[in-house]
Amino acid sequence: MARGDLTDEQWARLEAVLPPLPRMGRKPRDRRQCFDGIWWRARTGSPWRDVPERYGPWETAYTLFRRWQIDGTWARVLKKLQVKADAAGHIEWEVSVDSTICRAHQHAAGARKRGLDPGRAREDGLAAEPADHAIGRSRGGLTTKIHLAVGSSFHVLAAVITAGQRGAAPVFTEAMDRIRVPRPGGGRPRVRPDHVLADRAYSSRQIREYLRHRQIQHTIPEKRDQAGHRLRRGSAGGRPPGFDREMYKRRNRVECRIGLLKQARGVATRYDKLAVRYEATVQLTLIRQAL
């Protein structure tokens, strides 16, 4: 077993949530070997052709990675791990929301505009390949942004991939709507956090009304210009939003989780040309770190 490969205990937990093997047709290659090869590529950020021979042919690893991205297997496996963690009481529903910029390598650019492989529509990820491939241009070059909703137990409950120049506030509701953890005994899935923490980038009337409508308590500091505008209006400006400074300190959970996610070099630097492939790389990293 090489460094970074699954242990027997980790493989037992992963195998329990993988799709069953087909009963007919050619016997597939060892899935544990393929998963270790796929994870090696995400962990190191190397090209697919450089996957070591001990993991089998690189074409097999890439084909499995691509097929599971198209049919949504990576998203379903991650969801099953969330269900198990929630049933065991490991998920704490105090959610922190933030986003992080990831530099896109020059090899990530140049994807075709037509004839894309969009993948199947699903509610917990990109429904189709976006026209901009979730790559934006800024002073720093090509970038992609990951928006995360993280519980205080460091479990990532939702992740949204956008272009790097996209603002954080407009994607807030989409990230919150993707929080959906089914219950093992049936019934409605858990979709509403107990409390939401976010920084000043999410301070807007629309976001506060959205949370108030869903009866979700929140701790979001007010921007200085918003506070000044409210004071200039006098009594018509209304009361300032409540803010608990001690509660706000617990937002460091999402900062620490972003740092842990970026330990995978294939996430910290985007090498995938398609946004759906990069999203699958993020999901793969979350699965590996949850085992």
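The residue count restarts for each chain, going from 1 along the sequence in the order it is written. Where totals are concerned, whole chains, interfaces and linings use all residues; where local detail is concerned, this predicted model gives features only for residues with pLDDT of at least 70, and gives and counts side-chain atom pairs only at 80 or more. Computation of side-chain values covers all heavy atoms of the structure but excludes hydrogens and water.

The next subject is the nonpolar core. Of all hydrophobic cores here, the largest spans 47 residues; its most connected members are Leu14, Trp74 and Ile146. To qualify as a helix, a DSSP run of H or I must reach at least 4 residues; to qualify as a strand, a run of E must reach at least 2; elements of each kind are numbered from the N terminus. For this core, the elements supplying multiple residues, two or more each, are helix H1 (8-15), helix H2 (31-44), helix H3 (58-70), helix H4 (73-87), strand E3 (141-151), strand E4 (156-163), helix H9 (252-261) and helix H11 (275-290). The leading source of residues in this core is H11, at eight residues. Aside from chain neighbours lying at most four places away, what touches Trp74 is Phe35, Ile38, Phe65, Trp68, Gln69, Ala280, Gln283, Leu284 and Ile287. In terms of nonpolar packing, the next biggest core, distinct from the first, is built from 22 residues, Trp93, Val196, Tyr210 and Ile216 among them. Think of a nonpolar core as a cluster: buried Ala, Val, Leu, Ile, Met, Phe, Trp, Tyr and Cys residues, connected wherever their side-chain atoms sit within 4.5 Å. Burial classification: accessible surface area is computed with a 1.4 Å probe over protein chains only, and a residue below 20% of its type maximum counts as buried, one above 50% as exposed, and the rest as partly exposed. Contacts are assigned to residue pairs with any non-hydrogen atoms lying within 4.5 Å of each other.

Let's shift gears to unusual backbone geometry. The phi torsion at His133 lies on the positive side, around 55°, for a residue other than glycine. If you trace the backbone, His133 turns up in the loop between strand E1 (94-104) and strand E2 (136-138). In this model, Phe154 sits at a positive phi of 70°, which is unusual for a non-glycine residue. Along the polypeptide, Phe154 turns up in the loop between E3 and E4.

Attention now goes to the environment of His218. Residue position: His218 is located in strand E6 (residues 217-219). Remark: the alpha-carbon pair of His218 and Pro241, spanning 23 residues in sequence, is separated by 9.9 Å. In this structure, His218 is in contact with His195, Val196, Arg208 and Leu211, ignoring residues within four places of it in sequence.

Looking now at H11. Helix span is expected to be 1.5 Å times the residue number reduced by one. When the terminal C-alpha atoms of H11 are compared, their 23 Å separation across 16 residues agrees well with the 22 Å that a helix rising 1.5 Å per residue should span. Taken across its 16 residues, H11 has 14 buried, putting it largely inside the fold.

Sheet faces and side chains relate simply in a regular strand, where the side chains alternate between the two faces. Extensive coverage of E3 is indicated by the burial of 11 of its 11 residues. In this description, strands pair whenever DSSP reports at least two bridges between them. Relative to E3, E2 runs antiparallel, the two sharing three bridges. Following the sheet pairing, Gly136 is matched in E3 by Thr143. A loop of two residues connects E2 with E3, the two strands running antiparallel in sequence. Bridge count between E3 and E4: seven bridges; the pairing is antiparallel.

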